[in-house]
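# Examining the three-dimensional arrangement
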Amino acid sequence: MGRCPACGEWNTMVEEKVETGGPVSRRSGENSVGSSSRPLSLAEIDSSAESRTTLESAEMDRLLGGGIVEGSLVLIAGEPGIGKSTLSLQIPLHCRGLRTLYVTGEESARQVKLRAARLGGDSEGCLIYSETLMENIMSEARRIMPDLMIVDSIQTVYTQTMESSPGSVSQIKECASMLLRLAKETGIPVILIGHITKEGSIAGPKVLEHIVDVVLQFEGDNTGAYRLLRSIKNRFGSTAEMAVFEMTGCGLREVSNPSEMLIPMHGQGLSGIAVSAMLDGSRSFLIEVQSLVSSAAYGTPQRSATGFDVRRLNMLLAVLEKRAGFRLGVKDVFLNMAGGLRVSDPACDLAVICAVLSSNFDFAIPSDVCFAGEVGLSGEIRPVSQTERRVAEAARLGFRTIFISSFGAVPPAVLEQHKDLEIVRVPDVPALCRILFRQK
Ligand code: TYD
Ligand code: MG
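Since the model is a prediction, treat every value here as computed from it, not as a measurement.

### Side note on the overall build of the protein chain
Scanning the protein chain from terminus to terminus reveals ten helices and 20 strands. Dimensions along the principal axes, computed over C-alpha positions, put the protein chain at roughly 80 × 55 × 50 Å. The proportion of buried residues among the 440 residues of the protein chain is 49%. Residue pairs in contact within the protein chain that sit at least 24 positions apart in sequence constitute 68% of those at least 6 positions apart. Approximately 21,000 Å² of the protein chain is accessible, and the part contributed by carbon and sulfur atoms is 52%. If you average the places of the 45 positive and of the 51 negative side-chain charges in the protein chain, the two averages end up 4 Å apart.

Written out as structure tokens, the structure is:
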């Protein structure tokens, strides 16, 4: 049907296949995992640990919770051009002896070969299969029985049992459930690649999220060199994990020390810059917060933030105005997190405030000072989680001073351990300003 009789829009109808055949037929539903035949008591179920295969990449293994689990379905999602194909082709090339079936529907086998040559590594054991019809892919997978299967991408494969075109919601769902059944029945781990649009919803990986076991999502802009891979769902591990990669001329390089994103690309003594000791998942690292404050040229001042919540920025500016008496209401404020990172750790509040004030007064904060603290509505500086780890990271990178809240307790062992790092404990924003900008 071309036109929807309900809303009158054209080409919005989507085919859903309805199976008939009485109550005994098994529906090709989303989570039909294998063919477990009867209900079992919990005691009867085998609880031995899942067997995992290492992907010879410390960061990928950590993201997955210690290697890829046998029979699991992993989705790697991200915007086009961010490096999904590169990452997934790097896995077989770096894993000696891992027999991999790489199904490419997006690029020709020749293109994949050219990329593999660029990435280097050991191409033995990696089979490239240029095919988009699911029925053929399934039968090849069952014949070859590889150790790992990669499908690039879910939007290009299709099954004959549906008439809709590849990439439509019903095709994506059906193909994903076919792959899920294959994974659960044969134990082959399957990595699926899915494109995501800026909005992240259109016929894309969002509909897959509840079908697959693990969702790894690429973040960061694909023009910069750094790419973040975040685990947003993991049935076999923690979801608080993230890994940083750098796109180089020969593939993605693991950045095992994310603080290197901080490497100053400017001289000393610039105003508007503050360093935050932040935590993302289980990683602690330091990130540069940059701010620019200028007189508003037009009536309404502008507030814009990249990588930080604008509403939170507005709140922090209101705190500065009301609790510390800074007249920022007539200023434009721009905020940027270095490296294209999206930050949600409240401990960055303190660095944001300091960057804004630094730019406002054109007063540079010394480059060996960093901050970790949450700012409350009454201007108080609140303690943040895992202060010891933030302090340790700052000390490791040679920072001399870290500002934290005076309300949380710092274990004496931490103070002992980092003698070169001065830990300054401040109760509220006015006190912080007095210490930091005392020369003013
Ligand atoms: P790609 O993995 O094809 O992205 P996706 O599959 O997510 O769409 O590659 C992304 C970009 O990375 C592409 O613009 C080219 C670039 N690139 C490099 O800079 N170095 C490399 O070694 C490779 C293979 C790609
Ligand atoms: Mg690709």
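This is not the end of the story, as more comes after the structure.
### So, a nonpolar patch on the surface
Among the surface-exposed residues, L40, L42 and I45 lie close enough to one another that they form a single nonpolar patch of about 320 Å² accessible area. Structurally, L40 can be placed in the segment before β1 (52-53).

### Topic: the domain arrangement of the protein chain
Looking at the protein chain, the domain boundaries give domain 1 (50-254) and domain 2 (260-436). Averaged C-alpha coordinates put domain 1 and domain 2 at centres separated by 37 Å. Taken together, the 14 residues of domain 1 in the interface contact eleven residues of domain 2. Contact between domain 1 and domain 2 buries roughly 970 Å² in total, counting both sides, with carbon and sulfur atoms accounting for 47%. Across the contact surface, domain 1 and domain 2 share one salt bridge. In this structure, D280 and R230 form a salt bridge, with 2.9 Å as the shortest nitrogen-oxygen distance.

### Overview of the sheet that holds strand β16 (residues 369-371)
Taking strand neighbours across the sheet as the criterion, the seven strands line up as β14-β15-β13-β12-β16-β19-β20 in an open arrangement whose pairing is mixed. Both edges of this open sheet fall to β14 (303-306) and β20 (422-426), since each of them pairs with a single strand only. In this sheet, neighbouring strand axes are inclined to one another by 25° on average, regardless of whether the strands run parallel or antiparallel. Of the strand pairs in this sheet, strand β12 (residues 273-280) and strand β13 (residues 283-295) are connected by eight bridges, and their pairing is antiparallel. Pairing of A277 across the sheet is with L286, part of β13. Packed onto the sheet, helix α6 (residues 310-324) meets β14 and β15 (331-337) and runs at close to 125° relative to β14. Along the sheet, helix α7 (residues 349-361) contacts β12, β13, β15, β16 and β19 (401-405); its crossing angle with β13, the most-contacted strand, is approximately 35°.

### With respect to the site of ligand 1
The environment of ligand 1 is formed by 15 residues, the closest being G81, S85, T86, R115 and G251. For ligand 1, an oxygen atom lies 2.5 Å from a polar atom in the side chain of S85. With respect to ligand 1, the side chain of R115 contributes an N or O atom lying 2.7 Å from an oxygen atom. When ligand 1 sits alone it has 560 Å² of accessible area, and the protein chains cover 76% of it. At the level of elements, α2 (84-94), α3 (109-119) and β10 (242-248) are the ones that each hand at least two residues to the shell around ligand 1.

### A word on the packing of aromatic side chains
One pass over the full model with this rule turns up four aromatic pairs. Look at F361 and F437: their rings are 5.8 Å apart centre to centre, the planes differ by 70°, and that puts the pair in the edge-to-face class. Residue F361 is located in helix α7, and its partner F437 is located in the segment after α10 (429-436); the two are separated by 76 residues in the primary sequence. For F437, a relative accessible area of 7% gives the class buried. Ring centres of F371 and F403 lie 5.3 Å apart, and the angle between their planes is 20°; this geometry places the pair in the stacked category. Taken together, the positions of F371 in strand β16 and F403 in strand β19 put the pair 32 residues apart, joining distant regions of the chain. Given a relative accessible area of 4%, F403 falls into the buried group. Members of the aromatic cluster, joined through ring pairs, are F326, F361, F363 and F437.

### Comments concerning the confidence of the model for the protein chain
Per-residue pLDDT for the protein chain has a mean of 85; in total, 91% of the residues score no lower than 70. Confidence, expressed as mean pLDDT per element, reaches its minimum in the protein chain at helix α9 (residues 412-417) with 78 and its maximum at strand β17 (residues 374-375) with 95. Note that pLDDT drops below 50 for residues 25-32; the model gives that stretch 20 contacts with residues more than four away or on any other chain.

### Quick notes on the pairing of strand β9 (residues 226-234)
Across the nine residues that make up β9, a large majority, seven, are buried. The sheet contact formed by strand β8 (residues 214-219) and β9 spans six bridges and is antiparallel. Across the sheet, V215 pairs through a bridge with K233, a residue of β9. Alignment of β9 against β10, held across five bridges, turns out to be antiparallel. Following the sheet pairing, L228 is matched in β10 by V244.

### Overview of the sheet that holds strand β11 (residues 251-255)
What the nine strands build is an open sheet, ordered β5-β4-β6-β7-β3-β8-β9-β10-β11; its pairing is mixed. Two strands lie at the open edges of the sheet, namely β5 (126-130) and β11, each paired on one side alone. Here the average twist between neighbouring strands, direction ignored, is 25°. Relative to strand β7 (residues 190-195), strand β6 (residues 148-152) is paired through four bridges, and the arrangement is parallel.

Cut-offs and rules
Residues numbered from 1 in each chain as written. Chains lettered and ligands numbered in written order. Predicted model: local features only at pLDDT ≥ 70, side-chain atom pairs only at ≥ 80, totals over all residues. Heavy atoms only, no water. Helix = DSSP H or I, 4+ residues; strand = E, 2+ residues; numbered from the N terminus. Buried < 20%, exposed > 50% of the residue type's maximum accessible area, 1.4 Å probe, protein only. Contact = heavy atoms within 4.5 Å. Areas by Shrake-Rupley, 256 points an atom, 1.4 Å probe, with all protein chains shown as cover. Lys, Arg positive; Asp, Glu negative; His and termini not counted. Charge placed at Lys NZ, Arg CZ, Asp CG, Glu CD. Patch = residues over 30% accessible without salt bridge, like charges linked within 9 Å, V, L, I, M, F, W, Y side chains within 5 Å. Salt bridge = Lys/Arg side-chain N within 4 Å of Asp/Glu carboxyl O. Domains from an automatic or database assignment. Buried area = accessible area lost by both parts, 1.4 Å probe. Pairing = 2+ DSSP bridges. Axes fitted to C-alpha atoms, helices over the stretch in contact; angles between N-to-C directions. Near = heavy atom within 4 Å. Polar contact = N/O pair within 3.5 Å; in protein donor to acceptor, adjacent residues only side chain to side chain. Phe/Tyr/Trp six-rings, centres within 6.5 Å; stacked < 30°, edge-to-face > 60°. pLDDT = per-residue confidence, 0-100.

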